[in-house]
Amino acid sequence: MKKIPLFFILSVLFVNLLSAAEPENFIPSQSTAIFRFNAKMLINNFLTQDPTGLASQAEEIRSNIDKFKEVTNIDPMKLLTGQVWGATVGSDALIYAKTGISEAEFANLFNVAANSNKNAEYKLSTTTVGNKKAFVATKIQGGKERPVMISYLAEDVVFIAPLQNNTPLYVAASLQGGKNPLAAKIDRQALAAMAADLTKDGGNANLPQMDMIFAKLNFSKKQDIHLLADMICKNEKIANQLSFQIQMMLPGLIGMMFGQEPELAEALVKGLSVAQQDKTVHAEYKISGENLQKAAIYMAKHSSQNAMPENEGIGPKKSSSAPKK
């Protein structure tokens, strides 16, 4: 029996490593906010367990998946096969996704769509961005063109971003692999998670009193939702104000949205808990699978015109007072 050359074994291992690239490794170091979610877990939970309670929607999606397979001979479930990561650079959002569709398969699919495209709202084309082939979908809205590109950064990682003058810089920064420090703060076991540093680039104009935000979303087999968030403020006084605002505003909003079913509104309000420690506000929100289904069905039945009916709402009692400083 002939021995297998060592260089051949190393070559195979090297190729396997290349084909197992992770989306997070492409996030630019200068990004000030990043997020991730497990696309495969989300899709499987919806299609197999239907967490919304709207079985007809899940059935329609399954039907469309079957039709897609028949026409393209490609399983659309392979489009997103694991983690999807996002990052913001300035005002632009960049997406990095794990895929089971090769670039050749996607190119063929894209060409078929481009040749049969009769939708005047979109134009499909290809170009080169930063020495990478880019598949471009341009939406025509209000007389303006809004192109978005999709490009393969690795065999199983796609990059999605708005196509504009600085996009080649984003491609270069992604290929460089910036080792963004926020990535270490992301919970990889949760269904979804995010981390944001609002102190960089002069701060965030929309959240000027906050320094950092960390959040994660978990989804149990019983369809329970559990959201956790830590918000680090500029100082303890601001944290105290934010804690009070959350405890007042969110219950009031829930009360207005679900006012026609006060028992459901009350149950949704009870899922909120807020605690403050020094400059940090820790918020948790839990929704049971049963109440999640009720809320989804309620929202589907009521139009936006009925979203804020006349009622007293659900919220803290009038005797409630702000937490002591």
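About the thresholds
Residues numbered from 1 in each chain as written. Predicted model: local features only at pLDDT ≥ 70, side-chain atom pairs only at ≥ 80, totals over all residues. Heavy atoms only, no water. Helix = DSSP H or I, 4+ residues; strand = E, 2+ residues; numbered from the N terminus. Buried < 20%, exposed > 50% of the residue type's maximum accessible area, 1.4 Å probe, protein only. Contact = heavy atoms within 4.5 Å. Areas by Shrake-Rupley, 256 points an atom, 1.4 Å probe, with all protein chains shown as cover. 1 Å grid on protein atoms, 1.4 Å probe; cavity = no way out; pocket = protein on both sides within 12 Å on 5 of 7 lines; lining within 4 Å. Points joined across faces, edges and corners; volume = space filled by probe spheres on them. Nonpolar A, V, L, I, M, F, W, Y, C, P; charged D, E, K, R; others polar. Phe/Tyr/Trp six-rings, centres within 6.5 Å; stacked < 30°, edge-to-face > 60°. Polar contact = N/O pair within 3.5 Å; in protein donor to acceptor, adjacent residues only side chain to side chain. Pairing = 2+ DSSP bridges. Axes fitted to C-alpha atoms, helices over the stretch in contact; angles between N-to-C directions. Parallel < 35°, antiparallel > 145°, perpendicular 65-115°, else oblique. Left-handed = near helix turned anticlockwise from the far one by under 90°.

Undergrad: What exactly am I supposed to notice about the overall build of the chain here?
TA: Per the secondary structure count, the chain includes eight helices and twelve strands. Scored against the burial criterion, the 325 residues of the chain give a buried share of 34%. When contacts within the chain are restricted to residue pairs at least 6 apart in sequence, those whose partners lie at least 24 apart make up 59%. Accessible surface computed for the chain: about 19700 Å², of which carbon and sulfur atoms make up 56%.

Undergrad: Looking at this model, I keep getting lost on the layout of surface pockets. Mind explaining?
TA: Empty space among the atoms becomes apparent when a probe as large as a water molecule is rolled across them. By volume, the largest pocket is sized at about 410 Å³. Together, 19 residues line the largest pocket, and F68, L79, F106, L109 and I150 are the ones closest to its centre. Those elements that provide at least two residues to the lining of the largest pocket are α3 (55-72), α4 (103-116), β6 (144-154) and β7 (157-162). Split into classes, the residues belonging to the lining of the largest pocket amount to 16 nonpolar, three polar and no charged.

Undergrad: Help me out: how do you make sense of the packing of aromatic side chains in this one?
TA: What characterises a pair of aromatic rings is the spacing of the ring centres plus the angle enclosed by the ring planes. Per the stated rule, a full pass over the model turns up six aromatic pairs. Each residue in the set F106, F110, F135 and Y152 is aromatic and connected to the rest through ring pairs, giving one cluster.

Undergrad: Would you mind showing me how to read the side chain of K98 here?
TA: Positionally, K98 belongs in strand β3 (residues 92-98). Reaching out from K98, the side chain makes a polar contact with the side chain of D156 at a distance of 2.9 Å.

Undergrad: I tried to follow the pairing of β6 on my own but got confused; where do I start?
TA: Along a regular strand, successive side chains alternate from one face of the sheet to the other. Examined bridge by bridge, strand β5 (residues 132-141) and β6 share seven bridges and lie antiparallel to one another. Within the sheet, the bridge partner assigned to I140 lies in β6 and is E145. Here β5 hands over to β6 after two residues, with G142 in that stretch at a positive phi of 60°. Judged from the six bridges that link them, β6 and β7 form a sheet pairing that is antiparallel. Note on β7: the bridge partner recorded for A154 is V157. Joining the antiparallel neighbours β6 and β7 is a turn of two residues.

Undergrad: How should I be thinking about the environment of G289 in this particular structure?
TA: Within the secondary structure layout, G289 lies in helix α8 (residues 289-301). By relative accessible area, G289 is classed as buried at 4%. Setting aside residues up to four positions removed in sequence, G289 forms contacts with K222, Q223 and D224.

Undergrad: What is the right way to look at the packing of helix α6 (residues 236-257) against helix α7 (residues 262-270) in this model?
TA: Axis angle and axis distance: for two packed helices, these are the angle between their axes and the distance between the axes, and together they describe the pair. One can describe the packing of α6 onto α7 by two numbers: an axis separation of 9 Å at closest approach and a directional angle of 160°. The angle between the axes of α6 and α7 places the two elements in the roughly antiparallel class. Taken as a pair, α6 and α7 cross one another with a handedness that is right-handed. Touching P251, I254 and G255 of α6 are A265, L268 and V269, all from α7. Along the lines of polarity and charge, the residues of the contact of α6 with α7 split into five nonpolar, one polar and no charged.

Shape is all these values report; function is a separate question.
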